[in-house]
Amino acid sequence: MPHFARLYNFACWLTQDRAAAEDLVQETFVKALKGFSSYRQGTNFRAWMYRILRNTFLTTQAGLRATVSFDSDDDGPSEPATAETPESFLLARVEQQAVVSALEELPVNHREIIILCDLEEMSYQEIAQTLAIPMGTVMSRLSRARKAMRALLTAGTGGTAR
Amino acid sequence: MNCDLCREKLDAYVDESLPAEVFGAVDEHLRACPSCASEALARLQMKRATRAAAARFSPSPEFRLRIENTIRKKRQTIWKIAWVPWLSAAAVALLLAVVSVTMLTRHAAREQALAELLDLHVATLASANPVDVVSTDRHTVKPWFQGKLPFTFNLPELQDSQFKLLGGKLIYLNHSPGAQLLFELRKHRLSVFIVQDQPGVLALGPSTRQTSEKGFSEETWTEGGLRYVVIGDAGSGDVHALSDLLRIAARQ
């Protein structure tokens with residue numbers, strides 16, 4: 001089963017519920033099997049699988065709720081990061097649990113893009129295929145997601161959110 | 001490159017998604033700017049921390065097994081469904097092929113059998129002694145075959161017809177004995193072959209009427225376990241008329 005464990009991890013982050021994640025992964029594999037004829041050979045199989053999982057998630061109750069916050073801040077230019085906060089110093093003190101908590105607190109569209117980029121190490125092109133959004137939106141959404149995460153981490157460590 | 005522009009590019013820089021020339025420019029700026037370099041390092045560390053933290057959920061062995069079973073069943077179902085049209089098409093193609101080959105084989109066997117009878121008919125006409133029993137009387141011709149054939153047959157009453165019985169002789173077709181009767185219609189000669197309707201004797205198939213390319217008319221049918229074949233250079237209507245007389249006689 002290709003990408004099974006990775007997809008399960010991604011599903012857990014999307015749903016934040018293990019039972020729902022299991023249902024999501026199961027449905028993803030069934031759909032992928034049924035719709036394999038629609039997969040075009042030579043294209044990105046991983047992006048195809050993640051896209052099925054994400055589209056399936058969007059049809060669930062949790063997914064529908066998550067879509068409310070989608071695309072609200074994607075098209076504007078991303079704000080340049082400010083230089084005042086010494087993040088290297090901050091992150092040196094951040095425990096892994098703090099990162100987990102911050103990820104959990106992020107809206108789904110921010111959480112998923114960070115996981116696809118940082119954990120799955122997808123290229124911007126792959127992320128664009130998976131999320132079905134333009135490359136420019138990938139970059140701006142990623143920038144906003146990281147900014148929001150930095151803010152959460154800073155707040156969590158008693159610092160000032162940027 | 002100034003600091004603001006550099007900061008804008010830092011995410012793509014740590015994600016290694018910048019075009020080579022922009023990457024070079026950012027890299028150059030970072031070497032010269034400790035503040036931006038510190039920010040770049042922080043983002044890289046956060047990326048690494050996220051990677052470590054985000055890989056936290058693993059599927060249980062039970063769940064993996066459940067998914068594998070689900071997929072196996074689905075795959076079998078899809079495999080079966082996917083093969084239905086292919087198997088149907090293959091079955092139809094095979095059936096067509098079998099039917100075609102069978103029909104071609106039968107057609108070839110039938111043509112060969114008719115050609116053989118035609119040869120016998122022509123050879124009979126060319127012979128100085130075309131028949132072994134020479135008689136226009138059916139009550140003479142029919143008894144002549146007694147003891148020579150493992151079957152018997154009726155000959156038609158020709159008194160009110162244009163046909164005239166000339167006689168008959170014993171023939172062998174595929175090691176099976178049969179009767180060849182010679183009739184005359186005006187100046188035309190027609191042969192009637194009567195053999196047992198058994199596999200391998202005369203592979204002629206169902207009852208047919210046809211005119212061959214060589215100008216001979218032929219009609220064949222089966223009646224009472226016997227195969228009848230009428231061949232002659234008369235018209236197909238005349239051949240058919242004689243055939244009808246023979247059919248009527250056979251049913252008496």
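Not measured: the values here are computed from a predicted model. (Residues numbered from 1 in each chain as written. Chains lettered and ligands numbered in written order. Predicted model: local features only at pLDDT ≥ 70, side-chain atom pairs only at ≥ 80, totals over all residues.)

This next bit is on the overall build of chain A. Across its full length, chain A holds 9 helices and 0 strands. Starting at the N terminus, the α and β elements of chain A follow one another as α-α-α-α-α-α-α-α-α. The burial tally for chain A puts 39% of its 162 residues in the buried class. Of the contacts formed within chain A by residues at least 6 apart in sequence, a portion of 68% connects residues at least 24 apart. (Helix = DSSP H or I, 4+ residues; strand = E, 2+ residues; numbered from the N terminus. Buried ≥ 20, exposed ≤ 12 C-beta atoms within 10 Å, placed from the backbone. Contact = placed C-beta atoms within 7 Å.)

A tally of regular secondary structure across chain B gives 6 helices and 7 strands. Reading the helices (α) and strands (β) of chain B from amino to carboxyl end gives α-α-α-α-β-α-β-β-β-β-β-β-α. By the burial criterion, 27% of the 252 residues in chain B qualify as buried. A separation of at least 24 residues holds for 57% of the contacts in chain B among residues at least 6 apart in sequence.

This paragraph deals with helix 2 (residues 20-32) of chain B. In this model, helix 2 of chain B (13 residues) spans 19 Å end to end at C-alpha, consistent with the 18 Å of a helix rising 1.5 Å per residue. Buried residues in helix 2 of chain B make contact with helix 1 (3-14) and helix 3 (34-54) of chain B. (Expected span 1.5 Å × (residues − 1).)

Another point: the interface of chain A and chain B. Contacts between the two partners involve 37 residues from chain A, matched on the other side by 37 residues from chain B. Sorting the residues of the side of chain A that touches chain B by element identifies helix 1 (4-15), helix 2 (18-34), helix 5 (87-93), helix 6 (96-105), helix 7 (108-119) and helix 9 (135-156) of chain A as the ones contributing at least two each. If one sorts the elements of the side of chain A that touches chain B by residue count, helix 2 of chain A sits on top with 7 residues. Looking at side-chain class alone, the side of chain A that touches chain B contains 26 nonpolar, 6 polar and 5 charged residues. (Nonpolar A, V, L, I, M, F, W, Y, C, P; charged D, E, K, R; others polar.)

Right, let's talk about the packing of helix 6 of chain A against helix 3 of chain B for a bit. Direction vectors running N to C along helix 6 of chain A and helix 3 of chain B enclose 80°, while the axes themselves pass 9 Å from each other. Taken together, the axes of helix 6 of chain A and helix 3 of chain B are roughly perpendicular relative to one another. Contacts from Gln96(A), Val99(A), Val100(A) and Leu103(A) of helix 6 of chain A reach helix 3 of chain B at Ala49(B), Thr50(B), Ala52(B), Ala53(B) and Ala54(B). Of the residues that constitute the contact of helix 6 of chain A with helix 3 of chain B, the class distribution is 7 nonpolar, 2 polar and no charged. (Axes fitted to C-alpha atoms, helices over the stretch in contact; angles between N-to-C directions. Parallel < 35°, antiparallel > 145°, perpendicular 65-115°, else oblique.)

Mapped onto the secondary structure, Arg150(A) falls in helix 9. Sequence separation between Arg150(A) and Ala102(A) is 48 residues; the distance between their C-alpha atoms is 8.5 Å.

This part is about the nonpolar core. Core analysis: the largest hydrophobic core is formed by 46 residues, its most contacted members being Phe10(A), Ala11(A), Val25(A), Leu53(A), Leu103(A) and Met149(A). For this core, the secondary-structure elements that each account for two or more residues are helix 1, helix 2, helix 3 (45-58), helix 6, helix 7, helix 8 (124-131) and helix 9 of chain A together with helix 3 of chain B. Looking at this core element by element, the count peaks at 8 residues for helix 9 of chain A. Excluding residues within four positions of it along the chain, Leu53(A) makes contact with Leu7(A), Phe10(A), Ala11(A), Leu24(A) and Thr28(A). Ranked by size, the runner-up nonpolar core spans 28 residues in total, among them Leu155(B), Leu165(B), Leu181(B) and Ile194(B). (Core = buried A, V, L, I, M, F, W, Y, C linked by C-beta atoms within 7 Å.)

On to the pairing of strand 3 (residues 176-185) of chain B, then. Residues and elements named next belong to chain B. Relative to strand 3, strand 2 (residues 163-173) is paired through 10 bridges, and the arrangement is antiparallel. Residue pairing across strands places Gly-168 opposite Leu-181, the latter belonging to strand 3. In this structure, the hairpin formed by strand 2 and strand 3 is closed by a connection of 2 residues, where Asn-174 is found at a positive phi of approximately 50°. Sheet analysis places strand 3 next to strand 4 (residues 188-196), joined by 7 bridges and oriented antiparallel. The partner of Gln-180 across the bridge, within strand 4, is Phe-193. Where strand 3 folds back onto strand 4 in an antiparallel hairpin, the turn is made up of 2 residues, including Arg-186, whose phi is positive at roughly 50°. (Pairing = 2+ DSSP bridges.)

Turning next to the confidence of the model for chain B. Residue and element names in this part refer to chain B. On average, residues of chain B score 85 in pLDDT, and 94% of them reach the 70 mark or higher. Taken element by element, chain B is modelled with least confidence in strand 5 (residues 208-211), mean pLDDT 70, and with most confidence in helix 2, mean pLDDT 91. For this predicted complex, the interface score ipTM comes out at 0.78, while the overall pTM is 0.53. (pLDDT = per-residue confidence, 0-100.)

Let us now look at the packing of helix 1 of chain B against helix 3 of chain B. Residue and element names in this part refer to chain B. Look at helix 1 against helix 3: their axes get within 10 Å of each other, and the N-to-C directions meet at 25°. If you check the angle between helix 1 and helix 3, you find them roughly parallel. Regarding helix 1 and helix 3, the two cross each other, and that crossing is right-handed. Two secondary-structure elements touch here, helix 1 through Cys-3, Cys-6, Arg-7, Leu-10, Asp-11, Tyr-13 and Val-14 and helix 3 through Ser-35, Cys-36, Glu-39, Ala-40, Arg-43, Leu-44 and Lys-47. Across the contact of helix 1 with helix 3, the residue classes break down as 8 nonpolar, 1 polar and 5 charged. (Left-handed = near helix turned anticlockwise from the far one by under 90°.)

Residues and elements named next belong to chain A. Here helix 1 is 12 residues long and its end C-alpha atoms lie 16 Å apart, about the 16 Å a rise of 1.5 Å per residue gives. In terms of burial, helix 1 is largely enclosed, as 9 of its 12 residues are buried. When helix 1 is considered as a whole, its buried residues turn out to be Leu-7, Tyr-8, Asn-9, Phe-10, Ala-11, Cys-12, Trp-13, Leu-14 and Thr-15. Taken from the residues just after helix 1, Gln-16 is the one with a positive phi, measuring 55°.

Here we take up the environment of Leu226(B). Residues and elements named next belong to chain B. With respect to the secondary-structure elements, Leu-226 resides in strand 7 (residues 226-232). A count of 18 C-beta atoms within 10 Å places Leu-226 in the partly exposed class. C-alpha separation for the pair Leu-226 and Asp-197, spaced 29 residues apart in sequence, amounts to 4.7 Å. With residues near it in sequence (within four places) discarded, Leu-226 still touches Phe-151, Phe-153, Ile-194, Gln-196 and Asp-197.

Right, let's get into the environment of Tyr124(A). Of note, Tyr124(A) is situated in helix 8. Separated by 15 residues in the primary sequence, Tyr124(A) and Met139(A) have C-alpha atoms spaced 7.5 Å apart.

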